[in-house]
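# Chains, contacts and geometry: an overview
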Amino acid sequence: MSPCPSLASLTRLAFLTLPNYSLIAVSAAVEALRMANYVAGEEVYRWQVATLTGEPAQASGGLSLSPTVALRDAAFDVLFVCGGVDVRRALDRRTVDELRRLARRGLPLGALCTGTFALAEAGLLDGYRCAIHWENLAAIREEFAEISFAEDLFVIDRDRFTCTGGSAPLDLMGAFIEARLGRDAAERMSEQFVLERLRGGAEPQHPPLRHRGHGHPALEQAAALMTKTIGAPLAIAVIAARVGLSARQLERLFRLHVGMAPAEFSMALRLDHARELLRQSDLAVTAVGVACGFVSSAHFSSAYRRRFGHAPRAERAAVAPPRLAPLRPSPAPVS
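Residue positions are given per chain, counting from 1 as you read along its sequence in written order. For this predicted model, a pLDDT threshold of at least 70 governs which residues receive local features, and a threshold of 80 or more governs which side-chain atom pairs are given and counted, while totals over whole chains, interfaces and linings are taken from all residues. Only hydrogens and water are removed before side-chain values are computed, so all heavy atoms of the structure are retained for them.

A few words on the sheet that holds strand β2 (residues 46-51). When DSSP finds at least two bridges between two strands, those strands are taken to pair. Helical segments are the DSSP runs of H or I of at least four residues, strand segments are the runs of E of at least two, and each set is numbered from the N terminus. Strand order across the open sheet formed by 7 strands is β3-β2-β1-β4-β5-β9-β8, with mixed pairing between neighbours. Lying at the two open borders of the sheet, with one neighbouring strand each, are β3 (68-70) and β8 (154-157). Strand-to-strand twist in this sheet, taken as the mean axis angle between neighbours without regard to direction, amounts to 25°. Sheet topology note: the strand β1 (residues 12-17)/strand β4 (residues 78-82) ladder contains 5 bridges and is parallel. Looking at the pairing, L16 lines up with V81 of β4. Every axis corresponds to a line fitted to the C-alpha atoms, with the helix fit spanning only the stretch in contact, and the corresponding angles, defined between N-to-C directions, vary from 0 to 180 degrees.

Here, expected helix span is obtained from the residue count minus one, scaled by 1.5 Å. The end-to-end C-alpha distance of helix α8 (residues 217-228) is 17 Å, a good match for the 16 Å that 12 residues give at a rise of 1.5 Å each. Each residue's exposure class comes from its accessible area (1.4 Å probe, protein chains only) as a fraction of the maximum for that residue type: buried when under 20%, exposed when over 50%, partly exposed otherwise. Among all positions in α8, only A218, L219, A222, A223, L225 and M226 are buried. Buried residues along α8 cover an arc of 160° about the axis, so they all sit on one side. Counted as exposed and oriented over 90 degrees from the buried face of α8: P217 and K228. Throughout, a contact is declared for two residues whenever any of their heavy atoms are within 4.5 Å. As for α8, its buried residues are in contact with α9 (236-242), α10 (247-257) and α11 (262-280). The directions from the helix axis to the C-beta atoms form the arc being described.

Side-chain atoms within 4.5 Å link the members of a nonpolar core, which is a set of buried Ala, Val, Leu, Ile, Met, Phe, Trp, Tyr and Cys residues. Formed by 38 residues in total, the largest nonpolar core has its most connected members in L13, F15, F80, L112, M173 and F176. Every element with two or more residues in this core is listed here: β1, α1 (23-40), β4, β9 (160-163), α6 (168-181) and α7 (183-192). Here the element with the most residues in this core is α1; it accounts for 10 residues. Those residues in contact with F80, other than ones at most four positions away along the chain, are L13, A14, F15, L16, G110, A111, L112, F161, L172, M173 and F176.

Take the domain arrangement of the protein next. Boundaries between domains were set according to an automatic or database domain assignment. Segmenting the protein into domains produces domain 1 (7-193) and domain 2 (217-318). Each of domain 1 and domain 2 was reduced to a C-alpha centroid, and the two centroids are 33 Å apart. Both sides together, the interface formed by domain 1 and domain 2 hides about 670 Å², and carbon and sulfur atoms give 54% of it. In short, buried area is how much 1.4 Å probe accessible area vanishes from two parts on joining, totalled over both. When the buried area of domain 1 at its contact with domain 2 is split by residue, E135, A138 and E142 rank highest and sum to 55% of it. Here a polar contact is taken to be a pair of N or O atoms separated by no more than 3.5 Å, where protein atoms must pair a possible hydrogen donor with a possible acceptor and residues adjacent in sequence count only if both atoms sit in side chains. In this structure, the connection of domain 1 to domain 2 is made through 0 residue pairs in polar contact (both at pLDDT 80 or more).

Summarizing the sequence annotation, UniProt attributes the feature "domain: HTH araC/xylS-type" (unreviewed entry) to residues 220-318 in the numbering used throughout. Taken end to end, residues 220-318 is 72% helix and 0% strand, and its first and last C-alpha atoms sit 34 Å apart. UniProt positions are given in the numbering used here, feature names are shortened, and annotations may be inferred rather than shown by experiment.

For the rest of this paragraph, the subject is empty space enclosed by the protein. In the cavity and pocket records, a cavity denotes points on a 1 Å grid over the protein atoms alone where a 1.4 Å probe fits but cannot get out, a pocket denotes an open set with protein on both sides within 12 Å along at least 5 of 7 lines, and lining residues are residues with an atom within 4 Å of a point. Grid points are joined across faces, edges and corners, and a volume is the space filled by probe spheres set on the points. Following the criterion strictly, the structure yields 2 cavities of 30 Å³ or more and no others. Computed from the structure, the largest cavity encloses a volume of approximately 40 Å³. Broken down by secondary-structure element, the contributors of at least two residues to the lining of the largest cavity are α2 (87-90) and α5 (134-143). Looking at the lining of the largest cavity element by element, the count peaks at 3 residues for α5. Amino acid classes used here: Ala, Val, Leu, Ile, Met, Phe, Trp, Tyr, Cys and Pro are nonpolar; Asp, Glu, Lys and Arg are charged; the rest, including Gly, are polar. Partitioned by chemical class, the residues of the lining of the largest cavity number 5 nonpolar, 3 polar and 1 charged.

Moving on, we come to the packing of α1 against α6. Orientation of α1 relative to α6, taken along the N-to-C sense of each, is 30°, at an axis distance of 8 Å. Taken together, α1 and α6 sit at an angle that is classed as roughly parallel. For α1 against α6, the interelement crossing comes out right-handed. Taken together, the residues of α6 that come into contact with α1 (itself represented by A25, A28, A29, A32, L33, A36 and A40) are P169, L170, M173, I177 and L181. Its residues placed into classes, the contact of α1 with α6 shows 12 nonpolar, no polar and no charged. Our angle categories are set so that under 35 degrees counts as roughly parallel, over 145 as roughly antiparallel, 65 to 115 as roughly perpendicular, and the remainder as oblique. Less than a right angle of anticlockwise turn of the near helix away from the far helix marks a crossing as left-handed, whereas a clockwise turn marks it as right-handed.

Here you go:
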């Protein structure tokens, strides 16, 4: 395993853009570095956008970044793999082989948004703690049991730097900037972007509203319990007792603030989780049902049809095969 690099020493960054990458994630990182140079009054950071061929990749919004260089021509201290929608289709063997080659050289590697999947698929995150966009957490946790996926905004673990999408890469770059230029420079950078504050890596990603309990503390706790026990759902009476309420009180709060009964809310969570697994993993349909707490395939199918208007198998058939099976075996050793 490569030694842990000093954040302060990493001043040349390259961003390997995969097809359909998230433009906002890359832009947030690049703009943070640009603003750091501005507040420092000198060129502290340099960056390059890269692809394997040097031809610009198209982002999920249809735009491309220029200039783009071929990865083998880029000069960098750390490489960030930048993913977005449909990352499995965007990843090919050449990219995996190149990432493994860089890891053998001991170069630090990072990822933005779903780029974490590329590092995981290449076998370069085994034994690491890392972050990925919340929408992909369910599927990737099922596929890579040897990797610790956190719900944090970003994770710095030795020579791996992984981050969620959206604006979170700006917060990650803030950690780089603070290590090199100090806290004051990092805060001045964030102020230039009219941010209330820089967020720390350990702060949780904001889950979708349906997971949040709509601001009431007891509902927040109940929703969190339901989310954590999707694979083995708890009885509503048990959940109520754990948050210090009676089942009737919890029912009243859910109907008042969420507009549905707690059992309906729990079922919706499980089915939404199932939809993410069907779309983003290669788990068998029956295995998805089990992972979401359904003991009967027939019950899973009927509940799924009621919520989404079609059966789970139709959901799976609507997406392309999600991964290339030969990629994962035999990762190159990382020195």
